[in-house]
Structures are given as C-alpha cells and as structure tokens.
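Listed below are the residues making up each chain.
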Amino acid sequence: MDFDVVIIGSGPGGYVTAIRASQLGLKVAIVERELLGGICLNWGCIPTKALLKSGEVYEQLGHLADYGLKVEKASFDFPGVVARSRKVAAQLNSGVAFLMKKHKIEVIEGTAKLEKGSPAPKVVVALKAGGSRTVQAKHVILATGARARTIPAIGLEPDGERVWTYREALTAKACPKSLIVIGSGAIGIEFASFYRALGADVTVIEALPRILPVEDEEVSKAAHKAYEKRGLKFRVGASVKKLTKLKAGVSVELEAGGKSETLDAEVAIVAVGIVGNVENLGLEALGVKIDRTHVVTDAYGATGVAGLYAIGDVAGPPWLAHKASHEGVHCIEHIAGVPASNLHSPIPGCTYSTPQIASVGLTEAQAKEKGISVKVGRFPFKVNGKAIASGETEGFVKTVFDAKTGALIGAHMIGAEVTEMIQGFTIAITLESTEAELQATVFPHPTMSEAMHEASLDAFGMVLHV
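In what follows, the accompanying structure is described. (Residues numbered from 1 in each chain as written. Predicted model: local features only at pLDDT ≥ 70, side-chain atom pairs only at ≥ 80, totals over all residues. Heavy atoms only, no water.)

Let's shift gears to the overall build of the chain. Summing up its helical and strand segments, the chain has 14 helices and 24 strands in all. For 466 residues, the compact-globule estimate of 2.2 N^0.38 gives 23 Å, and the C-alpha radius of gyration of the chain, at 24 Å, lies within 12% of that figure. On the principal axes, the C-alpha backbone points of the chain span a range of 65 × 60 × 45 Å. In the chain, which comprises 466 residues, the share counted as buried stands at 49%. A sequence separation of at least 24 residues applies to 62% of the contacts in the chain between residues at least 6 apart. Charge-centre separation for the chain: the mean point of 49 positive side chains lies 4 Å from the mean point of 49 negative side chains. (Helix = DSSP H or I, 4+ residues; strand = E, 2+ residues; numbered from the N terminus. Rg over C-alpha atoms; globule rule 2.2 N^0.38 Å. Buried < 20%, exposed > 50% of the residue type's maximum accessible area, 1.4 Å probe, protein only. Contact = heavy atoms within 4.5 Å. Lys, Arg positive; Asp, Glu negative; His and termini not counted. Charge placed at Lys NZ, Arg CZ, Asp CG, Glu CD.)

Rendered as structure tokens:
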C-alpha cells in the first residue's frame with residue numbers, strides 16, 4: 001500500500017478529513033486538481049464574506065448621521081474590493097498548504113480517476129506537471145464537491161461577461177448598474193445583498209412562492225420585507241422561460257401567475273442550485289450508485305464499493321462546508337475504528353446578507369408535518385437593549401420546542417450577527433437541552449444573545465421584556 005487513505009478533493013471536507021486521518025496515525029495523501037481549500041476557501045464561503053463585509057461597511061456610511069457622525073463624498077473602489085476578497089482567499093489557501101505540511105500529508109496536484117483495485121479502487125492521477133501517477137490505498141474518500149447548476153437549454157449558462165455564476169460574480173471588473181439574480185437561496189441572496197449595497201438595481205427571481213424557501217416561513221417573510229426596504233426587487237412564483245444575451249446586457253423572459261414578463265439588465269447571476277462533481281471519475285465502471293449527480297452513501301460515507309467513501313457536497317445536501325467537515329471526521333474515525341458520537345448532529349445554516357439569517361433544526365411547519373405538538377417562542381430585537389444601542393433593531397429570534405418533552409427542536413433568527421449567535425442553539429440541540437435548561441441559563445447583559453433567552457422563555461409564557 002502506498003497510503004492508508006487517499007482523499008480526492010481538498011475543500012473543507014477533504015483537507016479536514018486528511019488532518020484528522022493524520023492525527024489518527026494514518027499515512028495520508030490528498031489529490032487536488034485546482035487550489036487547496038476547494039471552492040469554499042477560494043470561490044465560495046470565504047471570499048464572498050469579504051465582499052459582503054465591504055458592502056456592509058459601505059452601506060453603513062449612509063447611516064452615519066444616525067450615530068452622530070459625518071462623512072463627505074463616500075465612494076468605493078470596486079477593483080480594490082475584489083482584490084481584498086482575492087487576498088483573503090489566497091491567505092487561507094496558503095494556510096491549508098501549511099497545515100498539509102505540518103501534518104505530513106502528501107499533496108498530489110492533478111486530476112484523479114478511479115480504477116478497480118483491492119482493498120480499495122486504484123487512484124490514477126493525471127499530474128499537473130505532466131505524466132501520471134497511480135497510487136494504491138487501503139481506503140479512498142471522495143470529497144470532490146459540487147459546482148453551480150446551469151440550464152443551457154434556456155440560456156442559463158455563464159459566459160463570463162453577461163451571465164455569471166458565483167465564480168464570475170466574485171471577480172467582476174466593475175459593479176453593474178443593473179443585475180438580475182435567478183434563485184433566492186443563500187448564494188443568490190448574498191450576491192444580491194452585496195451588489196445592492198454598492199448601488200446596483202437588483203431584481204431576484206424565485207420559482208417557489210417565497211424567497212429563502214428552506215427557512216422558516218416567518219423568517220422568509222421578514223427577510224423579504226427587509227430586503228425590499230433596502231431596494232431589492234423580487235419576482236416570486238416566477239419561472240424563467242428564456243435568457244437572451246443582448247449587445248449591452250441580458251433579457252430574461254419569465255412567467256408568474258399565468259402572466260408573462262420580460263426583465264432587462266446588464267448582467268444575470270445564475271444561482272439555481274448545484275450539481276455534484278461525479279463525472280470522469282470512473283464511478284460508473286466501479287458500480288457506484290449515483291442519484292441526481294450525488295453519490296449515495298450510508299451514515300459513515302461508505303458507497304457500497306469496497307474501500308470507497310464519499311463526503312460533503314458530492315454526497316448530497318445540505319451543501320455546506322461545515323457539514324462536509326463533520327462528515328469527513330466521522331468517516332475517517334469510522335475507518336480508524338473510533339466509536340461514533342453525535343453522528344447526526346444538527347447542521348446550522350447561515351445566510352450572510354443584510355440582515356443576516358441563521359437557523360438550525362426543524363422549522364415550525366416541519367415539526368407539525370412530523371406530528372410533533374410544538375410550543376413556539378419569539379422575541380424581537382427592537383426591544384433588546386444592545387440592539388437599540390447598536391442601531392441594529394431589525395429582526396427577531398424564534399424558538400420551536402417539543403410541547404411534550406420540552407426539547408428544543410428548532411431555532412430561527414433574522415438580524416445583525418445572528419450567524420454568530422446560532423451556534424448557541426446548535427449546541428443546545430446537540431446536548432438535547434430542554435426548555436428548563438435554556439430558561440435557567442444566564443445570558444450576559446447587554447448582548448443581542450439575550451433575545452435567544454427571551455424567545456425560549458416566551459415559548460412557555462415567561463417572557464420578561466415584552
């Protein structure tokens with residue numbers, strides 16, 4: 001055996017799994033065809049947050065008078081904004097390279113393909129430097145991730161100029177004056193929020209009846225109002241029939257409620273989901289089961305093919321970096337014989353728009369669909385002392401408890417910095433906390449996190465500050 005484990009893909013799933021494997025005493029190699037850190041560090045989670053921070057700060061300049069401050073002739077340097085984002089991504093990319101060296105993980109630069117082998121498939125790598133290398137390991141883990149879904153048949157295919165995916169949106173040469181975003185999930189909403197903050201005229205098209213459709217309905221409705229207040233426009237329940245490229249932009253034909261409409265803009269961003277990177281890996285010849293571009297696995301990532309596992313985006317939703325890391329750690333610990341713990345921990349979701357959205361566990365509707373009798377609590381930031389002092393009074397916290405057991409089964413938040421606060425509820429659900437434990441927990445004052453406490457109290461008729 002050349003290695004105990006070979007991991008294909010170095011995103012948050014792959015590189016974290018490699019580090020944990022090294023900690024467990026395994027000899028590890030990781031194959032990467034592009035950049036260490038994968039999509040998240042280079043083209044997703046991290047650089048988008050850098051852009052969003054620039055947009056947030058610029059937007060706040062328009063509200064300085066609310067804080068007794070003044071500024072004259074505020075402006076932005078768009079290439080500078082993009083350059084900062086790329087610098088942040090590069091810094092983290094080099095950080096992953098350092099971690100690989102620290103943990104003695106061999107990085108093989110190239111494109112991998114699998115062939116039949118024993119005790120796991122052979123990994124044949126077309127090297128970036130030329131030539132090929134075949135390695136044999138006891139275990140192979142696929143962490144190849146996913147990419148933006150496109151629909152060429154109706155024109156939803158990027159050209160780098162007028163039709164973008166997240167990649168093009170991250171490295172634009174200038175801020176478009178007008179923009180159409182197709183899809184209102186986290187990716188679409190974050191780019192809509194960023195470009196609107198810099199003054200673009202933005203319209204978001206969503207095929208489903210409401211934006212952010214995976215979120216709790218109350219949060220979704222509140223977000224819609226908050227975004228419209230900032231100037232975003234929406235077309236919900238609208239299906240895109242065709243996108244046509246014009247000399248100076250794009251034209252999008254859509255249908256909503258039986259009526260047709262055509263929208264024009266300089267640029268369109270396609271954010272209609274993602275597809276797993278399963279092509280050209282030799283999976284079909286090995287007999288790997290694939291369902292709608294995602295590898296089918298068991299709870300530990302096993303594919304059913306001896307010695308072959310899959311984790312992260314390529315193994316299906318939710319398509320989140322932290323879910324990939326979590327799955328990877330469990331997968332490699334299972335391989336190493338470490339007893340599993342918290343295998344099915346709740347996975348929080350975050351949207352880094354203005355205002356932010358964060359959630360974990362079941363929505364109120366999902367709980368009721370499962371036949372669970374619920375107690376629901378809410379608390380608005382508009383009566384939270386820290387929020388008032390900070391001028392961040394938009395939004396609320398919502399909690400969902402099992403009425404019979406008192407267990408916290410869901411939490412949903414909209415407001416400033418809620419993406420930092422949601423982890424409190426994530427820990428609570430992981431530890432199977434009940435209302436009694438949350439109500440007895442001391443929250444520091446003044447903090448916006450007090451709204452979490454009050455929402456827990458409210459579910460049982462004990463709210464203090466409303």
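All right, on to the sheet that holds strand β3 (residues 106–115) then. With mixed pairing, the 7 strands of this open sheet are ordered in space as β5-β4-β3-β2-β1-β6-β19. Where the open sheet ends on each side, the last strands, each with one partner, are β5 (132–135) and β19 (308–310). Neighbour to neighbour, the strand axes of the sheet diverge by 35° on average, direction disregarded. Note: β3 against strand β4 (residues 122–127), 6 bridges, orientation antiparallel. The residue bridging G110 from the neighbouring strand is L127, located in β4. (Pairing = 2+ DSSP bridges. Axes fitted to C-alpha atoms, helices over the stretch in contact; angles between N-to-C directions.)

Now for the environment of V329. Tracing the backbone shows V329 in helix α9 (residues 321–336). In sequence terms V329 and P317 are 12 residues apart; their C-alpha atoms lie 17 Å from each other. Filtering out sequence-adjacent residues up to four positions away, V329 remains in contact with V16, T17 and R20.

This part covers the packing of helix α3 (residues 45–61) against helix α4 (residues 78–102). In contact at an axis separation of 8 Å, α3 and α4 are set at 145° when each is read in the N-to-C sense. Crossing of α3 against α4: the hand is right-handed. For the pair α3 and α4, contact is made by I46, P47, A50, L51 and S54 and by V81, V82, R84, S85, R86, V88, A89 and L92, respectively. For the contact of α3 with α4, the class distribution of residues is 9 nonpolar, 2 polar and 2 charged. (Left-handed = near helix turned anticlockwise from the far one by under 90°. Nonpolar A, V, L, I, M, F, W, Y, C, P; charged D, E, K, R; others polar.)

Scanning the entire structure with this criterion turns up 7 aromatic pairs. With a centroid separation of 5.2 Å and an interplanar angle of 75°, the aromatic rings of F401 and F460 are classed as edge-to-face. In this pair, F401 is assigned in strand β23 (residues 396–402) and F460 in the segment after α14 (450–458), connecting sequence segments 59 residues apart. Residue class for F460 comes out partly exposed when judged on its relative accessible area of 23%. What links up through ring pairs into an aromatic cluster is the set F78, W164, F194 and Y195. Over the ring of F3 we find K27; its NZ or CZ atom is 5.3 Å from the centre of that ring. (Phe/Tyr/Trp six-rings, centres within 6.5 Å; stacked < 30°, edge-to-face > 60°. Lys NZ or Arg CZ within 6 Å of the ring centre and 35° of its normal.)

Now for the state of the cysteines. Summed over the entire model, instances satisfying the criterion amount to 1 disulfide. Here C40 engages in a disulfide with C45; their sulfurs sit 2.5 Å apart. Taking the torsion about the sulfur-sulfur bond, which here is approximately -130°, the covalent link between C40 and C45 counts as left-handed. Assessed through its relative accessible area of 11%, C40 is described here as buried. No disulfide involves C350; its sulfur sits 11 Å from the nearest other cysteine sulfur, which is in C45. For C350, a relative accessible area of 18% translates into the label buried. (Disulfide = S-S within 2.5 Å.)

On to the nonpolar core, then. F78, F191, F194, Y195, V202, Y227 and I269 are the most contacted members of the largest nonpolar core, which has 36 residues in total. Looking at this core element by element, the count peaks at 5 residues for helix α6 (residues 186–197). Residues within four places of V202 in sequence aside, it is in contact with L179, V181, A192, Y195, R196, G231, L232 and K233. Counting 26 residues, the second-largest nonpolar core is a separate cluster that includes V31, I108, A137 and V305. (Core = buried A, V, L, I, M, F, W, Y, C linked by side-chain atoms within 4.5 Å.)

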